[in-house]
Amino acid sequence: MFGVQLLIMAVLVAIDSYRKRFRAPASFPHSSPQTLADDSGQARIYTYGQDLYDDMLAAIDAAEHEIFFETFIWKSDATGQRFKEALTRAAERGISVYVIYDKFANLVVPRSFFRFDDRIRVHAHPLLRGGAAFWLPTNWARDHRKLLIVDSQVAFVGGYNVGALYATDWRDTHVRFTGSPVPELENAFIDFWNDNTRRVLPAVQERTWLSPVRVHRNVPSMFVFPIRAMYLEAIDRATRYCWMTHAYLIPDEGLTATLIAAARRGVDVRIIVPAESNHVVADWLSRGFYRRLLDGGVRLFLFQNAMVHAKTATIDDVWCTIGTANLDGLSLAGNYEINVEILGPDSARVMADIFLADQENCVEVTLEEWDRRSALAKLTEIILAPLRPFF
């Protein structure tokens, strides 16, 4: 069976690689960044990569004391080079610069790109860590987080990696904070740095209990995975609507049942996913859930003409989340992830408006249409189904 699964995956990847040669350039609607303010600070929400990168680079160039930068994928193209040069300039003018990137995620990036100025402190998160925990599954965890914190004053978090493709051709979501969320995100960076390097950073001292923004971190080394619990609790509280956008939809039994239960009690449950993502096998694993979700009353929308990579949700004009965790096993019970949970009508409504704008660029999947797919497609989904826990 495993041999058959490997063969199917190889065929799917080959077909997808061939089709990519003939795909039209990406196109999708997007809006300018929106800034919201309250007593806890400001939140600026981005849905277009170039806007985000311009503000991130401006923050790096304006740094006066310290920069913490963490990313999953960091391409060596012109965009990636701009970030490297900005961090190098900061180090040259005496700013303390700390960088974290995931080694496995960047295997295709030339090694020479990751040679930094000696003044920049760097942690390349390894494929495997040694020691007594070598054989534990959590030892394989990837650092899937994306963070930038500057001078303890401004912090960026969300789904965007760093690269030219993401600047213009991918639809993603990121948020920039000032105020009380910043020390929480700074603390998340410092904890990860101190747990994985020998160069210890001092702990963040000024954090507040009273903030509408909460930071949730999956920490595999400690077997802590609160983001899944955050989603379960929020969906279970929904009374009017629950709108979610995810790059990869491979929910476990608990999440699937919770989404269906919400729909059956009258909640308007909608999920946007890519019509074709950058991981064709993940697409096929995701499709194996469509019938059960549709039959349970969940509405599914396929994003057209571009890769949607956002990891967001908004519920009842009260609650929303933006972060790095997908609805799949790797994100919710495997990788290092970080999501912000925001309570308040302003942010939730902005995220609802963004969802509805994205929905205009989607095709809805109906149960009747889905049941008419070919017998070969159904068989492929069944054969690949046992691989779901590994994605």
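Cut-offs and rules
- Positions within a chain are numbered from 1, following the residues in the order the chain's sequence is written.
- Totals for whole chains, interfaces and linings use all residues, but because this is a predicted model, local features are given only for residues with pLDDT of at least 70 and pairs of side-chain atoms are given and counted only at 80 or more.
- The side-chain values count all of the structure's non-hydrogen atoms but skip hydrogen atoms and water molecules.
- Strand pairing is assigned whenever DSSP identifies at least 2 bridges connecting the two strands.
- Numbering of helices and strands starts at the N terminus; helices are DSSP runs of H or I of at least 4 residues and strands are runs of E of at least 2.
- Simply put, an axis is a line fit to the C-alpha atoms, just over the touching stretch for a helix, and the angle between two N-to-C directions goes from 0 to 180 degrees.
- Contact between two residues is taken to exist if any of their heavy atoms lie within 4.5 Å; hydrogens are not considered.
- Here a cavity denotes grid points, spaced 1 Å and computed from the protein atoms alone, that fit a 1.4 Å probe unable to get out, and a pocket denotes an open set having protein on both sides within 12 Å along at least 5 of 7 lines; residues with an atom within 4 Å of a point are the lining.
- Grid points are joined across faces, edges and corners, and a volume is the space filled by probe spheres set on the points.
- Throughout, the ten residues Ala, Val, Leu, Ile, Met, Phe, Trp, Tyr, Cys and Pro are labelled nonpolar, Asp, Glu, Lys and Arg are labelled charged, and all others, Gly among them, are labelled polar.
- The salt bridge criterion pairs a side-chain nitrogen of Lys or Arg with a carboxyl oxygen of Asp or Glu, the two atoms within 4 Å.
- Any residue under 20% of the maximum accessible area for its type is buried, any over 50% is exposed, and the rest in between are partly exposed; the area is computed with a 1.4 Å probe on protein chains only.
- Expected helix span is given by 1.5 Å per residue-to-residue step, counting one fewer step than there are residues.
- Working definition: the arc comes from the directions between the helix axis and the C-beta atoms, pointing outward to the latter.
- Angular relationships are summarised with four words: roughly parallel below 35 degrees, roughly antiparallel beyond 145, roughly perpendicular across 65 to 115, and oblique for the angles in between.
- Here a crossing is called left-handed whenever its near helix is offset anticlockwise from the far helix by less than a right angle, and right-handed whenever the offset is clockwise.
- Among buried residues, the Ala, Val, Leu, Ile, Met, Phe, Trp, Tyr and Cys ones that are joined through side-chain atoms within 4.5 Å form a nonpolar core.

A. Structural detail: the sheet that holds strand S1 (residues 34-38). Ordered in space as S1-S2-S9-S7-S6-S3-S4-S5, the eight strands form an open sheet in which the pairing is mixed. One side of each edge strand has no neighbouring strand; the edge strands of this open sheet are S1 and strand S5 (120-125). On average, each strand axis in the sheet is inclined to that of its neighbour by 10°, with strand direction left out of account. For strand S3 (residues 66-71) and strand S6 (residues 147-150), the ladder comprises four bridges, and the chain directions are antiparallel. Along S6, the bridge assignment pairs Phe 68 with Ile 149. Contacting S1 and strand S2 (41-46), helix H11 (residues 345-359) runs over the sheet at an angle of about 165° to S1.

B. Focus on the layout of surface pockets. The space that makes up the largest pocket amounts to roughly 1200 Å³. Along its surface, the largest pocket is lined by 39 residues, and Phe 72, Phe 104, Arg 142, His 279 and Leu 330 are the ones closest to its centre. Taken together, the elements giving at least two residues each to the lining of the largest pocket come down to helix H4 (164-168), helix H8 (280-287) and helix H10 (329-333). A per-element tally of the lining of the largest pocket places H10 first, with four residues. Residue composition of the lining of the largest pocket, by class: 24 nonpolar, eleven polar and four charged. Of the volumes computed, that of the second largest pocket is approximately 500 Å³. By residue class, the composition of the lining of the second largest pocket is nine nonpolar, five polar and four charged.

C. A look at the pattern of salt bridges. Taken as a whole and judged by the stated rule, the model has 19 salt bridges. Between Arg 145 and Asp 143 there is a salt bridge, with its nearest N and O atoms 3.9 Å apart. The two residues Arg 145 and Asp 143 agree in class, both being buried. A salt bridge links Arg 228 to Asp 252, with the nearest nitrogen and oxygen atoms 2.6 Å apart. In this pair, Arg 228 sits in helix H6 (residues 226-237) while Asp 252 sits in the loop between strand S11 (241-246) and helix H7 (253-264), placing the two residues 24 residues apart along the sequence. You can call Arg 228 partly exposed: its relative accessible area is 26%. With relative accessibility at 30%, the residue Asp 252 sits in the partly exposed group.

D. H6, seen in detail. Its twelve residues place the ends of H6 17 Å apart at the C-alpha level, agreeing with the 16 Å of an ideal helix rising 1.5 Å per residue. Three or more residues of H6 are buried, namely Ile 227, Met 230, Tyr 231, Ala 234 and Ile 235. Considered in projection along H6, the buried side chains sweep an arc of 120° and stay on one side of the axis. Residues Asp 236 and Arg 237 are exposed on H6 and point more than 90 degrees away from its buried face.

E. A look at unusual backbone geometry. A positive phi is found at Asp 151, a non-glycine position, where the angle reads about 55°. As for its placement among the helices and strands, Asp 151 is situated in the loop between S6 and strand S7 (154-158). In this structure Asp 151 comes out as buried when scored by relative accessible area, which is 15%.

F. Highlighting the packing of helix H1 (residues 2-20) against H8. Packing of H1 against H8 brings their axes to within 9 Å, and their N-to-C directions diverge by 115°. Residue-level inspection shows Met 9, Leu 12, Val 13 and Asp 16 of H1 in contact with H8, the latter providing Val 280, Val 281 and Trp 284. Here the contact of H1 with H8 is built from residues that sort into six nonpolar, no polar and one charged.

G. Structural context of the packing of helix H2 (residues 49-61) against helix H3 (residues 78-92). Where H2 contacts H3, the axes come no closer than 9 Å and their chain directions differ by 15°. With respect to each other, H2 and H3 are oriented roughly parallel. Of the two possible hands of crossing, H2 and H3 adopt the one that is left-handed. Here Gln 50, Tyr 53, Asp 54, Met 56, Leu 57, Ile 60 and Asp 61 of H2 lie close against H3, whose contacting residues are Thr 79, Arg 82, Phe 83, Ala 86, Leu 87, Arg 89 and Ala 90.

H. Examining the environment of Ala 310 more closely. Secondary-structure assignment places Ala 310 in the loop between strand S14 (307-308) and strand S15 (311-315). In this structure Ala 310 comes out as buried when scored by relative accessible area, which is 0%. Put simply, Ala 310 and Asp 61 are 249 residues apart on the chain and 27 Å apart in space, counted from C-alpha to C-alpha. Ignoring any residue separated from it by four or fewer positions in sequence, one finds Ala 310 in contact with Arg 171, Asp 172, Thr 173, Thr 245, His 246 and Ala 247.

I. Region of interest: the sheet that holds strand S12 (residues 268-274). The sheet built from eight strands is open, its strands ordered S10-S17-S16-S15-S11-S12-S13-S18 with mixed pairing. One side of each edge strand has no neighbouring strand; the edge strands of this open sheet are strand S10 (213-218) and strand S18 (362-365). Going from strand to strand, the sheet's axes swing by 20° on average, the running direction of each strand aside. By the bridge criterion, four bridges tie S15 to strand S16 (residues 319-323) in an arrangement that is antiparallel. The residue bridging Thr 314 from the neighbouring strand is Cys 320, located in S16. Of the strands in this sheet, S10 and strand S17 (337-343) touch helix H5 (residues 181-196), which is tilted by about 15° from S10.

J. Fine view of the nonpolar core. Of all hydrophobic cores here, the largest spans 86 residues; its most connected members are Ile 67, Trp 74 and Tyr 231. Ranked by residue count, the leading element in this core is H2, at six residues. Formed by 33 residues, the second largest nonpolar core is a distinct cluster that contains Leu 147, Val 213, Tyr 336 and Val 340.

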